[in-house]
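# Close look at the chain arrangement
The primary structure of each chain is shown beneath.
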Amino acid sequence: MNDLYDLSFHVENELTGVPEAVVKFVLRDVVREFCRRTHAWKMKTYSRIDKEVCAYSASGFADAEVLAVTGVFVRRAGEKEFANITRSGFYRLEGNFIFLQPEVLTYNDEGEMVIESAVMPMFESANVPLDFLSRHSGAIISGAVAELAKQKNRPWYNPEAYEVHSARYRGLVNSAMPARNFHG
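Keep in mind the model is a prediction, meaning the values are calculated, not measured. (Residues numbered from 1 in each chain as written. Predicted model: local features only at pLDDT ≥ 70, side-chain atom pairs only at ≥ 80, totals over all residues. Heavy atoms only, no water.)

Time to look at the sheet that holds strand β1 (residues 42–48). Strand order in the open sheet formed by four strands is β1-β7-β3-β4, and the pairing between neighbours is antiparallel. Lying at the two open borders of the sheet, with one neighbouring strand each, are β1 and β4 (83–84). With respect to the sheet, helix α2 (residues 20–38) is in contact with β3 (64–75) and β7 (112–121), its orientation differing from that of β7 by roughly 130°. (Pairing = 2+ DSSP bridges. Helix = DSSP H or I, 4+ residues; strand = E, 2+ residues; numbered from the N terminus. Contact = heavy atoms within 4.5 Å. Axes fitted to C-alpha atoms, helices over the stretch in contact; angles between N-to-C directions.)

Next up, the structure:
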């Protein structure tokens, strides 16, 4: 599997008569929704901290949009351990960038930073990592088939395929979601 569009064959095999451009659009839409719901595509971005630079990329990938920053770790120059500043309020997220407060920049000047983020592909992008695609191709294919099969008044309308693939997609989305701790 080389990119998202390699999944087109599987979708077209389930539903005949769907134009290739429509399949590609739906695949992009489904992978974005899958990422929004599961936060399954994770990125780590490594940066050198410079006290003169307050904005750092949290996407780490040219064609990705940041959904959430899940971790921010800084290490002062010469130190071995990273400090977790994720929940400390020392940064803010705007678009694909985090902005560090001046005192954090000064204190950690010439140190290192690791930003962990949940991302999704940009609207027009089919560029997703191969390991992500390999792990979640079943969910993406089923989501695309379900989305197309429910379109009434189209030659590819297929309520049976919708039921099967919709249920499979929901199950795969649920299994891809991170475990949550519930306290009751």
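Okay, back to it.
Before going further, it helps to examine the sheet that holds strand β6 (residues 97–100). Here three strands make up an open sheet; going across it, the order is β2-β6-β5 and the pairing antiparallel. Across the chains shown, the open sheet's two edge strands, defined by having one partner strand only, are β2 (55–57) and β5 (91–94). Strand-to-strand twist of the sheet, defined as the mean angle between neighbouring strand axes without regard to direction, takes the value 30°.

A separate point is the packing of α2 against helix α4 (residues 130–149). At their nearest, the axes of α2 and α4 sit 9 Å apart, and the two run at 120° to each other. Between α2 and α4, the angle falls in the class oblique. Judged by the sense of rotation from one axis to the other, the crossing of α2 with α4 is right-handed. From α2, Val 22, Val 23, Val 26, Leu 27, Val 30, Val 31, Phe 34 and Cys 35 reach across to α4, where they touch Phe 132, His 136, Ala 139, Ile 140, Gly 143, Ala 144, Glu 147 and Leu 148. (Parallel < 35°, antiparallel > 145°, perpendicular 65-115°, else oblique. Left-handed = near helix turned anticlockwise from the far one by under 90°.)

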